[in-house]
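# Observations on the model geometry
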Amino acid sequence: MPGRIVKIEKPICIPQKNEDKLNIFLTLGKTYNQSMWCGANDIASENVFRWEDDGTIITQTWRSAMFEPGQPSNTNGRQNCVGYTKYSLLDDDFCDLLAMYVCEMA
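These numbers come from a predicted model, not from an experiment. (Residues numbered from 1 in each chain as written. Predicted model: local features only at pLDDT ≥ 70, side-chain atom pairs only at ≥ 80, totals over all residues. Heavy atoms only, no water.)

## A few points about the packing of aromatic side chains
All chains considered together, the criterion is met by one aromatic pair. When the ring of Phe49 is compared with that of Phe67, the centres are 5.3 Å apart and the planes differ by 55 degrees; the resulting orientation is tilted. On the criterion of sequence distance, the pair formed by Phe49 in the loop between strand 2 (36-41) and strand 3 (50-51) and Phe67 in the loop between helix 2 (60-66) and strand 4 (79-84) is long-range, its members being 18 residues apart. Accessibility expressed as a relative area gives 1% for Phe49, which makes it buried. Note that Arg63 overlies the ring of Phe67, its terminal NZ or CZ placed 6.0 Å from the centroid. (Phe/Tyr/Trp six-rings, centres within 6.5 Å; stacked < 30°, edge-to-face > 60°. Helix = DSSP H or I, 4+ residues; strand = E, 2+ residues; numbered from the N terminus. Buried < 20%, exposed > 50% of the residue type's maximum accessible area, 1.4 Å probe, protein only. Lys NZ or Arg CZ within 6 Å of the ring centre and 35° of its normal.)

Okay, here's the thing in structure tokens:
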């Protein structure tokens with residue numbers, strides 16, 4: 001998936017918990033004021049969103065808290081990758097969209 005590398009002065013290790021991941025991306029989204037891929041998708045099973053790092057499912061409770069109102073929408077049946085918008089909430093989008101991304105460090 002194409003994207004732009006985010007320059008981070010100090011490495012950030014993204015924890016496994018949804019709340020912690022959300023807070024880190026909220027901070028990065030405000031800092032860079034751009035949308036970015038977050039490492040979740042529903043490619044394997046439509047409308048079942050998983051984090052790519054460990055396969056954890058984003059539960060309905062977290063979806064309500066993390067996605068923009070009206071999202072995920074799966075426009076044209078092809079929006080399977082998830083990103084944080086510059087408005088600091090999740091949105092499903094086309095996986096071939098050029099956007100920033102953050103890599104998780106182990």
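## Examining the side chain of Asp92
Along the chain, the position of Asp92 falls in strand 5 (residues 90-94). Side-chain polar atoms of Asp92 contact the backbone nitrogen of Asn74, separated by 2.6 Å. With near-sequence residues (within four places) excluded, Asp92 lies in contact with Phe49, Phe67, Gln71, Pro72, Ser73, Asn74, Gln79, Cys81 and Val82. (Polar contact = N/O pair within 3.5 Å; in protein donor to acceptor, adjacent residues only side chain to side chain. Contact = heavy atoms within 4.5 Å.)

## Considering the state of the cysteines
On inspection of all chains with the given rule, the structure shows one disulfide. Note on cysteine connectivity: Cys81 is disulfide-linked to Cys95, with sulfurs 2.0 Å apart. Across the S-S bond linking Cys81 and Cys95, the dihedral sits near 100 degrees, which makes this disulfide right-handed. Placement of Cys81 in strand 4 and of Cys95 in the loop between strand 5 and strand 6 (99-101) is noted, with a sequence separation of 14 residues between them. For Cys81, a relative accessible area of 4% gives the class buried. No disulfide involves Cys38; its sulfur sits 9.2 Å from that of Cys81, the nearest cysteine. (Disulfide = S-S within 2.5 Å.)

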